[in-house]
Amino acid sequence: MSDLLKRLGIGAGIGIVVALLIGWGTYEIYFLKSVLDGYEFLSYDGRMRSRTEDVEQMSIDDVVIIDIDNNSVAPPEEGGLGNYYDWPHAYHGQLINTVTSGNPSALLFDIIFDQENTFNFELVNALNANNAPTDESLAEVTGQFLSSNDPQLILEATYNSQKTYHALVFEQEDTLMFLNKMDAEPEGYYYEDHIIRGIPTDIAKRLPTADRLGNTYVNLLSASVGAGAANFPQDEDGIIRRSPTAVYFEGADHVYPSLVMSAAIDILGIKKDGGFNYDFDNRVLQLIDTTDTVVREIPIDEAGRMYVNYYGPFQTFYYLPYMYCFDPEMLPPEYWNGKVALVGASLPGLMDLRNTPVQETFAGVEIHANVMNSILKNEFVRIKDQSETFYIILVICVVLGVLVSLPEKPLYTLPVPLVGVVGWIVFANMQFFNTLVMWEVVRPALSMVGTYAGIFLYNFLVVEKDKRFLKDTFSTYISPELIDQMFDAKEEPQLGGTEGYHTAFFTDIQSFSAFSEKLSASDLVEVLNEYLTEMTDILLDNKGTLDKYIGDAIVAFYGAPAPVDDHEYWACLTAVKMQERLAKLRNKWQDDGDRWPEIVHNMQNRIGINTGQMVTGNMGSNMRMNYTMMGDTVNLAARLEASAKQYGVYIQVADESYKACKDKFIWRDLDYVIVMGKTEPAQVFELIDVAGNMPPGYDKILPAYHEALALYRNQEWDKAIEAFKASEKLEDMFPGRKTNPSRIYIPRCEHYRDNSPGDDWDGSWALTKK
């Protein structure tokens, strides 16, 4: 089997394993399920908000909310009806008569009514019957009181309208509060026309189950054309995303519809016996009308609950103040023709504010309105179930596993899972925005990340095992680069090199031999290790290739074996960053106090950089070889590092490197120098810092120095001497610095003044020591 087919097979296998772990296992392990479902809820809510964020306020008026708002509960002298808790039920009876006279499709009360205290009414009624007032005005007031407080009005209006639906409140048993389980409906409740028949008991038990019916005003329920559960279950995070379609009252073995569904039964002509077909295998509720036609197929969850299709934030539906709807003169009855009206409260004090995906504070009555509008428009949120999610995760993981395994190193395909995750998020959002289909996001995204991570770990732990064995075994004898070459080519490295244009880099600690005299062997190793680690990290972080360590010296090059654009820039930037890091190390060692001697506190290093043609490749012998560099360019870089001490500078750069990046750094023109072993001069520069980061004092030093240098090169020796003396006074002679460029030119000028170099002098100076 070829390596490619083997990789593809392993990638697909890892994908299958990840799919099983995430697409199946995370549903079975409660802790993982809880965590991932929590994140999935956040994704669900985000999509719901995004779809509805631009919906206009009060843009839906087919379903209308009659709102018990601030205006309605204002004091009578301010035009309101007074405190809500003081309202007589007769107000609601008058509302029912007013609204239903306009022939609405349904009027639903999201209010739980208890029987009111009728003592005052009965007292006035008895007094009026036995001793009617003879005063005309008193008789009128008495009549108004009796008509506006008549407790029978709500019952008569409810019954006569045949359009009014009241809310049931189902509860669980609470023996501590003496709320025991009920085995039948409360006495006096004529429920026969309110329950759903034809649902098998085993199916009914899968619905939300209740132990008790908490309503006490059974006469009002009996007068209703329909009644249903107003309960909304909260998810574990306290947010309402689902609405029951029906509730199983276990003690009585009866199934009651939800409040909205009780009205929808009559609006859509659904059979109350056999009209609800719960297909839990396919997670759908079929509503069947009296002609045995399926008129709605509602997606449901495992408990027969539908997902609320929120059409917008608070007040997306038309809100009308209760007091306006109460009075036929303020709102004509014909307005209600064909509409569905829901009575509820948006006042915080009435305790009917809920947390929803689209808004944290949301009126409960508007949740009913969203459910009703969804049923009327046949627009439902459909959640992809666990099996559908598993199969799509399986396909995704296998395809991703194959794609990631195509190259030998999975790191090359890092964009693939990233693109996959982003693509899946976009797909899931578009599916919901366009079709109301809600795909999971968290588990598919996690499966893509898991598949990639699995392949990466397999590659590291298994595929790379042989390479690690080679490195662990032979790293003492063969450089890591050659070991990589041996592994990738499956052959031993060969001697030889190639010529190219690269940058050589040498650095060494100033006066390192003195460190061994001042430090114990263990302290020397500690300091040296810390220094070399910090410097090497900078080198490698800035595209350098480490050649070798020679004691405290670091030898490196740029531009090979892998080409590097602007390698001169990266070499110079490395030099600057090394000096910055060394300054931090000095501060650290100084903060340690007497732990280190002064020579450590003042440690300096020198750097030499040169660019040009050189040979890079595997040098040495068949017994031992190393990827290194050779040539005059390399030799000059080494000489520049060593000769930097003669000028009292710490980064000396040859002209070829300088020209490639001169605008990116601050420089000092140092000299035309002939190093030992050479006859041609090389112009060299001191690298100060990156452009725009002028060190303190150098804004004065550099102009004074360069003015003196110009006089020197123009052979104006006396003027040059005075100028160099002036610039020398500006030089910073920090601890460890023994000379500076201005100082070394003074005796040189005196020498040339007494021994003229001649008119053909090229400005060069021959170094007599390394």
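Up top is the structure these notes are about.
Residues numbered from 1 in each chain as written. Predicted model: local features only at pLDDT ≥ 70, side-chain atom pairs only at ≥ 80, totals over all residues. Heavy atoms only, no water.

A few words now on the overall build of the chain. The number of helices and strands found in the chain is 25 helices and 29 strands. For a compact globule of 770 residues, the expected C-alpha radius of gyration is about 27 Å, and the chain comes in at 44 Å, more than 25% above that figure. For the chain, the C-alpha atoms occupy an extent of roughly 145 × 75 × 50 Å along the three principal directions. A burial count over the chain gives 50% of its 770 residues as buried. Accessible surface, the chain as shown: approximately 36800 Å² in total, 53% of it carbon and sulfur. (Helix = DSSP H or I, 4+ residues; strand = E, 2+ residues; numbered from the N terminus. Rg over C-alpha atoms; globule rule 2.2 N^0.38 Å. Buried < 20%, exposed > 50% of the residue type's maximum accessible area, 1.4 Å probe, protein only. Areas by Shrake-Rupley, 256 points an atom, 1.4 Å probe, with all protein chains shown as cover.)

A word on the side chain of Asp-289. Tracing the backbone shows Asp-289 in the loop between β12 (284-288) and β13 (294-299). Within polar-contact distance, the side chain of Asp-289 engages the side chain of Thr-291 at 2.7 Å. If sequence neighbours within four positions are ignored, Asp-289 has contacts with Leu-268, Gly-269, Ile-270, Lys-271 and Val-295. (Polar contact = N/O pair within 3.5 Å; in protein donor to acceptor, adjacent residues only side chain to side chain. Contact = heavy atoms within 4.5 Å.)

Taking strand neighbours across the sheet as the criterion, the three strands line up as β5-β9-β10 in an open arrangement whose pairing is mixed. Across the chains shown, the open sheet's two edge strands, defined by having one partner strand only, are β5 (209-210) and β10 (254-257). Of the strand pairs in this sheet, strand β9 (residues 246-249) and β10 are connected by four bridges, and their pairing is antiparallel. Paired with Tyr-248 across the two strands is Val-255, which belongs to β10. (Pairing = 2+ DSSP bridges.)

Compared with the 36 Å implied by 1.5 Å per residue over 25 residues, the 36 Å span of helix α19 (residues 567-591) between its first and last C-alpha is a close match. Gly-593 lies just past α19 and shows a positive phi near 70°. (Expected span 1.5 Å × (residues − 1).)

Membership of the largest hydrophobic core comes to 59 residues, with the highest contact counts inside it found for Leu-108, Phe-276, Tyr-278 and Ile-375. Residue contributions to this core peak at seven residues, all from helix α9 (residues 259-268). Every residue in contact with Phe-276, bar those within four places of it in the chain, is listed here: Ile-196, Ile-199, Thr-245, Met-261, Ile-265, Ile-270, Lys-271, Leu-285, Gln-286 and Leu-287. One finds Leu-528, Val-576, Trp-589 and Met-603 within the second-largest nonpolar core, a separate group that totals 38 residues. (Core = buried A, V, L, I, M, F, W, Y, C linked by side-chain atoms within 4.5 Å.)

One pass over the structure, following the stated rule, counts 42 aromatic pairs. Arranged with centres 5.8 Å apart and planes meeting at 55°, the rings of Trp-717 and Trp-761 form a pair that is tilted. Residue Trp-717 is located in helix α24 (residues 717-728), and its partner Trp-761 is located in the loop between α25 (741-754) and β29 (764-766); the two are separated by 44 residues in the primary sequence. The class of Trp-761 is buried, set by a relative accessible area of 14%. Cluster of aromatic residues (ring-pair linked, three or more members): Tyr-705, Tyr-712, Trp-717, Phe-724, Tyr-745, Tyr-752, Trp-761 and Trp-765. It is Lys-339 that lies over the ring of Tyr-335; its NZ or CZ is 4.9 Å from the centre. Seen from the ring of Tyr-745, Arg-748 lies directly overhead, with NZ or CZ sitting 4.6 Å from the centre. (Phe/Tyr/Trp six-rings, centres within 6.5 Å; stacked < 30°, edge-to-face > 60°. Lys NZ or Arg CZ within 6 Å of the ring centre and 35° of its normal.)

Together, Glu-680, Asp-759, Asp-760 and Asp-762 line one region of the surface with negative charge. Here Asp-759 is to be found in the loop between α25 and β29. (Patch = residues over 30% accessible without salt bridge, like charges linked within 9 Å, V, L, I, M, F, W, Y side chains within 5 Å. Salt bridge = Lys/Arg side-chain N within 4 Å of Asp/Glu carboxyl O. Lys, Arg positive; Asp, Glu negative; His and termini not counted. Charge placed at Lys NZ, Arg CZ, Asp CG, Glu CD.)

So, on to the sheet that holds β13. Ordered by their spatial adjacency, three strands build an open sheet running β11-β12-β13, and the pairing between neighbours is antiparallel. Of all the strands in the sheet, the pair left with one neighbour each is β11 (276-279) and β13. Along the sheet, successive strands turn relative to each other by an average axial angle of 20°, direction set aside. (Axes fitted to C-alpha atoms, helices over the stretch in contact; angles between N-to-C directions.)

Before going further, it helps to examine the pattern of salt bridges. A complete count under the given rule lists 32 salt bridges for this structure. Here Glu-530 makes a salt bridge to Lys-588, at a shortest N to O gap of 3.2 Å. Remark: Lys-588 occurs in helix α19 and Glu-530 occurs in helix α18 (residues 521-541); sequence separation between them is 58 residues. For Lys-588, a relative accessible area of 38% corresponds to the partly exposed category. A salt bridge links Asp-754 to Arg-753; the nearest nitrogen and oxygen atoms lie 3.7 Å apart. A residue is classified by how much of its surface remains accessible, and Asp-754, at 57% relative accessible area, is exposed.

A few words on the pairing of strand β23 (residues 553-558). Strand residues, when the strand is regular, have side chains that alternate between the two faces of the sheet. Of all six residues making up β23, six are buried, and the element is well covered by its neighbours. Burial along β23 is two-sided: Ala-553, Val-555 and Phe-557 and Ile-554, Ala-556 and Tyr-558, pointing in opposite directions, are all buried. Here five bridges tie strand β22 (residues 545-550) to β23, and the two strands are oriented antiparallel to one another. Note that in β23 the partner of Lys-548 across the bridge is Val-555.

The subject of this paragraph is the packing of α24 against α25. Viewed as axis vectors pointing N to C, α24 and α25 meet at an angle of 165°, and their least axial separation amounts to 9 Å. Relative to α25, the element α24 lies roughly antiparallel. For the pair α24 and α25, the crossing hand works out as left-handed. Side by side, α24 and α25 meet where Trp-717, Asp-718, Ala-720, Ile-721, Phe-724, Lys-725, Ser-727 and Glu-728 of the first sit next to Ser-742, Arg-743, Tyr-745, Ile-746, Cys-749, Glu-750, Tyr-752 and Arg-753 of the second. For the contact of α24 with α25, a count of residues per class yields eight nonpolar, two polar and six charged. (Parallel < 35°, antiparallel > 145°, perpendicular 65-115°, else oblique. Left-handed = near helix turned anticlockwise from the far one by under 90°. Nonpolar A, V, L, I, M, F, W, Y, C, P; charged D, E, K, R; others polar.)

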